[in-house]
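Residue strings, one per chain:
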Amino acid sequence: MLMLEKNFPLSSKMRISVDHKKLENFSQKHVKFYLKYSSFVFKALKKHSFQKFLHWMLQKEKIEEQTVSAVHVKVLPFRRKNGKSVAGKCNTVRGRIQIYPKTMKFCQTFKQRFGRNTLLVYAGNRARAALIHELLHLKYIADEKTVRALAKDYFCSFTQKQHTQSAHSLFYTMIFDAKIRGKKAPTISSANPSARLRLNETCLRASAVFK
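Rules and cut-offs
Residues numbered from 1 in each chain as written. Predicted model: local features only at pLDDT ≥ 70, side-chain atom pairs only at ≥ 80, totals over all residues. Heavy atoms only, no water. Helix = DSSP H or I, 4+ residues; strand = E, 2+ residues; numbered from the N terminus. Buried < 20%, exposed > 50% of the residue type's maximum accessible area, 1.4 Å probe, protein only. Contact = heavy atoms within 4.5 Å. Pairing = 2+ DSSP bridges. Axes fitted to C-alpha atoms, helices over the stretch in contact; angles between N-to-C directions. Phe/Tyr/Trp six-rings, centres within 6.5 Å; stacked < 30°, edge-to-face > 60°. Lys NZ or Arg CZ within 6 Å of the ring centre and 35° of its normal.

### Re the environment of Tyr154
Point 1. Along the chain, the position of Tyr154 falls in helix α6 (residues 144-162).
Point 2. For Tyr154, a relative accessible area of 6% gives the class buried.
Point 3. Along the chain, Tyr154 and His133 lie 21 residues apart, while their C-alpha atoms are 9.1 Å from each other.
Point 4. Leave out the neighbours within four places in its chain, and Tyr154 touches Phe53, Trp56, Met57, Lys60, Glu61, Ile132 and Leu136.

### Description of the sheet that holds strand β1 (residues 14-17)
Whenever strands of a sheet pair, they do so through backbone hydrogen bonds, lying parallel or antiparallel.
Point 1. Across the sheet, which stays open at both edges, the four strands sit in the order β1-β2-β4-β3 with mixed pairing between neighbours. Sheet topology places β1 and β3 (88-91) at the edges, where each strand pairs with a single neighbour. Shown here is a sheet whose adjacent strand axes are inclined to one another by a mean of 20 degrees, direction ignored.
Point 2. In this structure, β3 lies alongside strand β4 (residues 96-99), joined through four bridges in antiparallel fashion. Bridge assignment links Lys89 to a residue of β4, and that residue is Gln98.

### Some details on the packing of aromatic side chains
Point 1. One pass over the full model with this rule turns up 13 aromatic pairs.
Point 2. Between Phe106 and Phe110, the aromatic rings sit 5.8 Å apart at their centres with planes inclined by 40 degrees, giving tilted as the arrangement. In this pair, Phe106 and Phe110 both sit in helix α4 (residues 104-114), four residues apart, roughly one turn of the helix.
Point 3. Connected via pairs of aromatic rings, a cluster forms that spans Phe50, Phe53, Trp56, Tyr154 and Phe158.
Point 4. The aromatic ring of Phe106 is capped on one face by Lys102, whose charged end is 4.1 Å from the ring centroid.
Point 5. Taking NZ or CZ as reference, Arg128 lies 6.0 Å from the ring centre of Phe50, over its face.

Below, the structure is given as structure tokens:
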């Protein structure tokens with residue numbers, strides 16, 4: 001008997017969003033890169049295992065899924081006035097969440113230091129961590145300290161179920177602690193074979209991204 005996967009309400013509220021006027025200011029190379037990036041992130045966030053996890057998290061936190069009006073995966077990156085990049089934003093009044101990519105320049109540097117496979121895993125997990133963070137803002141609003149602490153805990157909970165402990169530790173460090181500039185590149189080579197296998201499987205499924 002064919003078993004159909006459950007559809008979660010949050011998944012239907014997600015879409016890729018782009019400001020076409022701003023897109024005109026970028027070269028064809030940049031546009032192609034950011035379109036591929038957003039497509040990859042969109043698929044990563046809609047993955048059934050992650051949607052199931054978010055459904056559980058929202059229930060645990062007593063956050064109504066109907067309070068989320070939309071989740072926009074933005075094609076172009078966004079920077080604050082201080083120059084720092086933004087992973088996500090949440091309009092708690094409208095219930096609208098925006099997830100942003102890293103810049104092409106950042107990804108090129110990251111790829112040179114960490115390798116393409118690690119870049120793919122980083123991009124997906126950065127977006128997942130950002131969405132977890134912004135969803136928590138719907139309940140805790142301006143309590144950034146609580147949101148950050150809970151986001152780390154929930155991200156750990158999800159990644160521990162998806163990866164081995166060694167791979168999980170690497171992803172956690174990359175998302176929450178590591179600074180690219182001036183740091184030695186982390187490597188997956190120290191992880192056990194099953195961790196490397198899961199990483200390779202992830203990258204094969206996303207082989208069209210960041211070429």
